[in-house]
Amino acid sequence: MSTVRVSTTINGDAVAYLCEVDETLLDVLRDRLGLTGSKEGCSTGDCGACSVMLDGRVVCSCLVLGAEAEGRDIRTVEGLAAGDKLHPLQEKFLEFAALQCGVCTPGFLVAAKALLDRNPDPSETEIRFALAGNLCRCTGYDKIVRAVQSAAAELRKG
Amino acid sequence: MRYEAPTTINAAVKLLAGKAGQARVLAGGTDLLVQMRTDRVAPDLIVDVKRIPAMRAIAAKSGGFRIGAAVSGAELGANKALRKAWPGVVEAANLIGSTQIQSRATLAGNLCNASPAADSVPALVAAGASAAVAGPRGKRTVPVESIAVGPGKTSLKKGEIVEAIILPKRAPRSGDAYLRFIPRTEMDIAVVGAGVNLTLDSKGVCTAARVALGAVAERVILVPEAAAALVGTKVDAAALKRLAAAASAACRPIDDKRGTKEFRIKVAGVLARRAAETALKRAGGSK
Amino acid sequence: MPLDSNIDPATHKFNLVGTRPLRPDGVDKVTGRAKFGADANAPGMLVGKILRSPHPHARIRSINTAKAAKLPGVKAIVTAADFKEGKRALRDVLCNVMARGKALYDGHAVAAVAATSASVARKALKLIQVDYEILPHVTDVDEAMKPGAPLLHDDMITAHVDPAPKKPSNVAARCEFGHGDPEVGFKQADVVIERSFRTEATHQGYIEPHACLASMGMDGQGELWVCTQGHYMVRNTCAALLGMDVSKLRVTASEIGGGFGGKTTVFIEPVALALSRKAGKPVKIVMSREEVFRASGPTSSSSMDVKIGVTKAGRITGALAEIRMQGGAFAGAPVELGAMSAFACYDLEHVKSVGWDVVTNRPKQAAYRAPGAPMVAFAVESVLDELARKIGMDPIELRLKNAAKEGTQSSYGPKYNRIGLRQCLEATRNHPHYTAPLGPNEGRGVAAGFWFNFGGQTCVSLNINIDGTVALAVGTPDIGGSRASMCMIAAEELGIPYDKVRAIVADTSSLGYNDISEGSRVTFSTGLATIQAARDAIGKLCARAAKTWGISPEAVVWENGHAKPSSPNAGDFAPLSLADIAKKAGNTGGPIAGHFEVNADGAGVSFAIHLADAAVDPETGRVQIKRYTVIQDAGKAVHPSYVEGQFQGGAVQGIGWALNEEYVYGKDGRLQNAGFLDYRIPVASDLPMIDTVIVEVPNPGHPYGVRGVGETSIVPPLAAIANAVSAAADVRLTELPMSPPRVLKAIDGKAAGKARR
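Throughout, a residue's number is its position along its own chain's written sequence, starting from 1. Chains and ligands are labelled sequentially in the order written, the chains with letters from A and the ligands with numbers from 1. Only residues with pLDDT of at least 70 get local features here, since the model is predicted, and only at 80 or more are side-chain atom pairs given and counted; chain-wide, interface and lining totals rely on the full set of residues.

Peer 1: Help me understand the environment of Val351(C), please; the structure alone is not making it clear to me.
Peer 2: Residues and elements named next belong to chain C. Mapped onto the elements, valine 351 comes out in strand β15 (residues 351–358). Three exposure classes are used. Buried residues have 20 or more other C-beta atoms within 10 Å of their own C-beta, exposed residues have 12 or fewer, and partly exposed residues fall in between, all C-beta atoms being placed from the backbone. With 27 C-beta atoms packed within 10 Å, valine 351 lands in the buried category. Counting along the chain gives 140 residues from valine 351 to alanine 211, while the straight-line C-alpha distance between them is 44 Å. Think of it this way: build a C-beta for each residue from its backbone, and any pair within 7 Å is a contact. For valine 351, the contacting residues outside a window of four places in its chain are Gly178, His179, Gly180, Pro182, Ala319, Phe343 and Ser411. A helix here means a DSSP run of H or I that spans at least four residues, while a strand means a run of E at least two residues long, and both kinds are numbered starting from the N terminus.

Peer 1: Can you help me understand the interface of chain B and chain A in this one?
Peer 2: Residue-level contacts link 22 residues of chain B with 27 residues of chain A. For the side of chain B that touches chain A, the secondary-structure elements that each account for two or more residues are β1 (2–4), α2 (32–37), β3 (45–48) and α6 (99–102) of chain B. When residues of the side of chain B that touches chain A are assigned to their parent elements, the largest contribution, 4 residues, is made by α2(B). Counted by class, the side of chain B that touches chain A contains 9 nonpolar, 8 polar and 5 charged residues. Residue classes follow a fixed rule: Ala, Val, Leu, Ile, Met, Phe, Trp, Tyr, Cys and Pro count as nonpolar, while Asp, Glu, Lys and Arg count as charged, and any other residue, Gly among them, counts as polar.

Peer 1: Looking at this structure, how should I read the interface of chain A and chain C?
Peer 2: A common way to report how large an interface is uses the accessible area buried once the components associate. Contact residues are listed per partner, giving 43 residues for chain A and 41 residues for chain C. Across the side of chain A that touches chain C, the residue classes tally to 23 nonpolar, 11 polar and 9 charged.

Peer 1: So what exactly am I meant to see when it comes to the nonpolar core here?
Peer 2: A set of buried residues drawn from Ala, Val, Leu, Ile, Met, Phe, Trp, Tyr and Cys, joined through C-beta atoms within 7 Å, is what defines a nonpolar core. If you look at the biggest cluster of nonpolar residues, it comprises 423 residues, and the most contacted ones within it are Leu213(B), Ala247(B), Ala272(B), Ile721(C) and Val725(C). Top contributing element to this core by residue count: helix α16 (residues 522–549) of chain C, with 12 residues. In contact with Val725(C), not counting residues within four places along its chain, are Gly443(C), Ala614(C), Val616(C), Val623(C), Val731(C), Leu733(C), Met738(C) and Val743(C).

Peer 1: Help me understand unusual backbone geometry in this model?
Peer 2: Trans is the common state for peptide bonds, and a negative phi is the common state for residues other than glycine. In this model, Asp162(C) is joined to Pro163(C) through a cis peptide bond whose omega is -5°. Within the secondary structure, Pro163(C) sits in the loop between α5 (141–145) and β7 (171–179). Residue Pro737(C) is bonded to the preceding Leu736(C) through a cis peptide linkage, with omega at 0°. Locating Pro737(C) in the fold gives a position in the loop between α20 (717–729) and α21 (740–756). Residue Ala215(B) is not a glycine yet carries a positive backbone phi of 65°. Following the sequence through the fold, Ala215(B) ends up in the loop between β13 (206–214) and β14 (221–222). The buried category is assigned to Ala215(B), around which 28 C-beta atoms lie within 10 Å.

Peer 1: Even after reading the chapter, I still don't get the sheet that holds strand β11 (residues 174–181) of chain B, so can you show me in this structure?
Peer 2: Sheet strands associate in pairs through backbone hydrogen bonding, adopting either a parallel or an antiparallel arrangement. Residue and element names in this part refer to chain B. Note: two strands are recorded as paired if DSSP finds a minimum of 2 bridges between them. Spatially, β11-β12-β13-β14 is the arrangement adopted by the 4 strands of the open sheet, whose pairing is antiparallel. Because the sheet does not close on itself, it has two edges, and the strands there are β11 and β14. The pairing of β11 with strand β12 (residues 192–200) spans 8 bridges and is classified as antiparallel. Across the sheet, the residue bridging to phenylalanine 181 is valine 192, located in β12. Throughout, an axis means a line fitted to C-alpha atoms (over the contacting stretch in the case of helices), and angles, computed between N-to-C directions, take values from 0 to 180 degrees. Sitting on the sheet, helix α5 (residues 87–94) is in contact with β11 and β12, with an inclination near 20° to β11.

Peer 1: Please explain the sheet that holds β15(C) as it appears in this structure.
Peer 2: Residue and element names in this part refer to chain C. Taken in spatial order, the 5 strands make up an open sheet running β7-β15-β14-β13-β8, and their pairing is mixed. In this open sheet, the two edge strands, each paired with only one partner strand, are β7 and β8 (191–199). Neighbouring strand axes in the sheet, compared pairwise and without regard to direction, differ in orientation by 10° on average. Relative to β15, strand β14 (residues 316–326) is paired through 8 bridges, and the arrangement is parallel. Within β15, the residue paired with alanine 321 across the bridge is serine 353. Together, β8, β13 (301–310) and β14 form the strand contacts of helix α11 (residues 373–390), whose direction differs from that of β8 by roughly 145°.

Peer 1: What should I look at first to understand the domain arrangement of chain A in this one?
Peer 2: Residue and element names in this part refer to chain A. The split into domains, and so the bounds of each, comes from an automatic or database assignment of domains. For chain A, the assigned domains read domain 1 (3–79) and domain 2 (88–157). Put simply, the middle of domain 1 and the middle of domain 2, counted by C-alpha atoms, are 22 Å apart. Each partner contributes residues to the interface: domain 1 has 14 residues there, and domain 2 has 11 residues. Elements that contribute at least two residues to the side of domain 1 that touches domain 2 include exactly β3 (51–54) and β4 (57–60). The residue makeup of the side of domain 1 that touches domain 2, split by class, is 7 nonpolar, 5 polar and 2 charged.

Next comes the structure, spelled out in structure tokens:
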């Protein structure tokens, strides 16, 4: 298997790595770069735990090759907070008890941020459909939806 | 295994045609990467087409649209003109997978993956869309329904690639719609899919129609008998009933983990009828 | 304060218990910093992968690993031969971890490799040659019980049958519970209904696949990092399977990405340790999602017959259930708990339940939230719904007329202490949901559920730090926010702020043995131990204050975080805060710590009522849940947000079980849907908000009145939804899941029946 050299930007920082062709972006983030915040729940794009932003759109990093990231802009859960200040979504997830085990949480946060970036005032139904690609087995989604609603309101206040 | 990301279609064709062994096109990757992960394919060469500018664009063409093969579902959904002209095609494409999948999945990929349950394909077939194919022997344009020949199999020759999907000009007083049945509300593969495109005259009589069904045969099927049930009618209850019966009669499904034969046959008729009702509304007809 | 004092939770004013502070592990979990099973690495680490049988039932004639061993980068290969066949009790665990002689299900582990990379490990698996002799297989519980069915174990003689059968079968055991004589009861009834039910196996569906990192030193000492509900169980089991002293294996529980009972046993952990021992390097194994479905425990599938008789006045006169569950390739289906719980909600004179534990060629079942109870409740509560309709009685009224209460002799034996079923039923009847109008094609269903709740072995250590903060070490992995509730409880007892207490899940070498986090036992047992450990520390704090003041320890009391003289007679001293005493601990006798060890008893049983509104599409059979309310007795809710979370999570798992989740086996005995695409757990857009009502009827067995809350919530949904579907579409679904093809068939069948008439 040939190895590919990739230069990219992750959470605003220039990063270079070598990876095998069949390695996914998720493999690279977790195993080569130590960014284990993105989780592997299925490796088939069905659970959303590995969600990251790729050039401004939310994707499953298990369905992106590491080689594809050349010259792209990648944002992961590790880049959500600004320094020591949590993003309003992170704060609301805590306040609303929107996580139990927490393994799906990074994916939900990234996907919810992608939603609110595009739609600052989503309805409950819009939130539920936008987050349908993120599986949570603990919460029944109720508190997650409420946390996103509250974060959206907070962000609209600016 | 080798990875290449050419920047022209010619370069892509050359790579695909030149390599001995298995070569695969990587557009959105939402099928290919899963197939690689589960050991169903082990390509020797992966040709990423997302760095070819023409493949990333939606262009106006003869009153219709030319949609590059690497345009994602999310980009389709964001194109207002396309959404207005072909709402059925766009809603079908936007039903494929989650928001995450939408950021990557493409019409051309959905077509070339050749799944009988592909969501966008019945809508494209109903729309009368065609595929622009580039290959070592030049270019050709074919109806989309001629691409898939069976589950996972296409009519594309070695080195050929679908470079764009072409949607015709939207006729006056016409409309399209796509509906699928899944057990959940998202994230499932269609158990049945139905695409309808119809045109009315000024009196509201249907003058042309195309009806296509997914997941009820070895590939997406065009059902002329179902279309015929609408043509010459005002798409009234009786016509819709005949449409549903014709759609059900055209099914030759299998029993599998996603649904039974019996279920698919009945629901194909129900969905064809419901899709026709929406298409009628979009065409400006009353119901 | 006497150390054994229980306050009256109904009237006591708590400072912290009942409030909703932020969880201590929260920031780590929203920033990606929390370390789960697969998030740990070690220098020189190898990747472990497991070869699994593609056959549901096959004799393993030979395994040839020579070619794989020669592949560059392969450092170790293990098969069953690398594990000692030890005590009988562990034989099944061992055989499940690595097939011995026969592969018993599609996905059964047969060999494992450790290699320098994942791609080398994958390649190596393909080079291992296994010579299988394929045997006939059986995956259905009723088929497996038939004479002549393919036999999994030629030494399986049905237990608890008198006289003992002479021939082996796939039936591992029979059980029976109840009192009186149901036949006598049925004679007193005005209406008797008997129905048969079937439910398919469902998987716990935790999002985090099993993962561990094992490191064995050449001195025979090992360390294991693992996502598990019980790291002491992992330690004891692995030590036994690898022939190690328990003291030589230190297990650390990682953050756990969901378990729901499925992480209460071992699968990959002994394999990783064996590979590490052989390779002399750390080995990490992470299951793929496909492996999770094929080889880790789903719950049982079931087949049941239920017969209940009632009078026109709504009194249940007799109840009988026969329950057959297959638990996969080894004995242990949760049929006993199912049979015990079948009629536990009701006060009955004549009741009997019989259970059969059956083996089939499927993965060994593992506990799944209230194991055994949901499927049986589906059957019983469906029949009750039908009876209520038949006698024209409101379904809650029927349940109220028969509800168990304090002093009721339960159908499984013990007499109930104080319980909250009646209060839950009344709260349901008074809830606006119960009388809200319904839309077209909608129906409302109600069902009750019961769970025992466990206690068990628990050990807690509470250390007072020099700055007046507290380090709390517990040994029960945090599967639902328990570190938050333990901090609250410790702070409540000590009278200090919540954020002064930091709770950790200690590793197995740092704290005494703890049972698994299961059976809804943690808030009850670890909470109880934390209270007592805090009271132990308070005793010591008071003694230090007494020493400082030169008075008798008995003359010191603890109030609001301070030691005070018990009365003016005891002396006139300014109160000493916990921090004051802690600061001087070095001069007054050394470190201060509280401890408590217990095999906790008195976990109060709990009950729930669920209300479901379902819309049924009459043309496609699709069921949509429109509104859902959970009403459950929590005894005392320590952190109400996480109690609600348990109610909601259990309800939604139940909704999945009711509507779409199922193990689909082909005729070839292979699992057809080993992934989240076709094993359809509910997604956000499938659901409405899940309303909750926390009923608090204190448990007399706990100082604060706490009852476990984690499991009861998955018991009622199956029946509540079946009853809603029945109300919406006038069809009675007796088989789960109520998938669209099944519902549509029932609707069409009914229409055809009407047309014939």
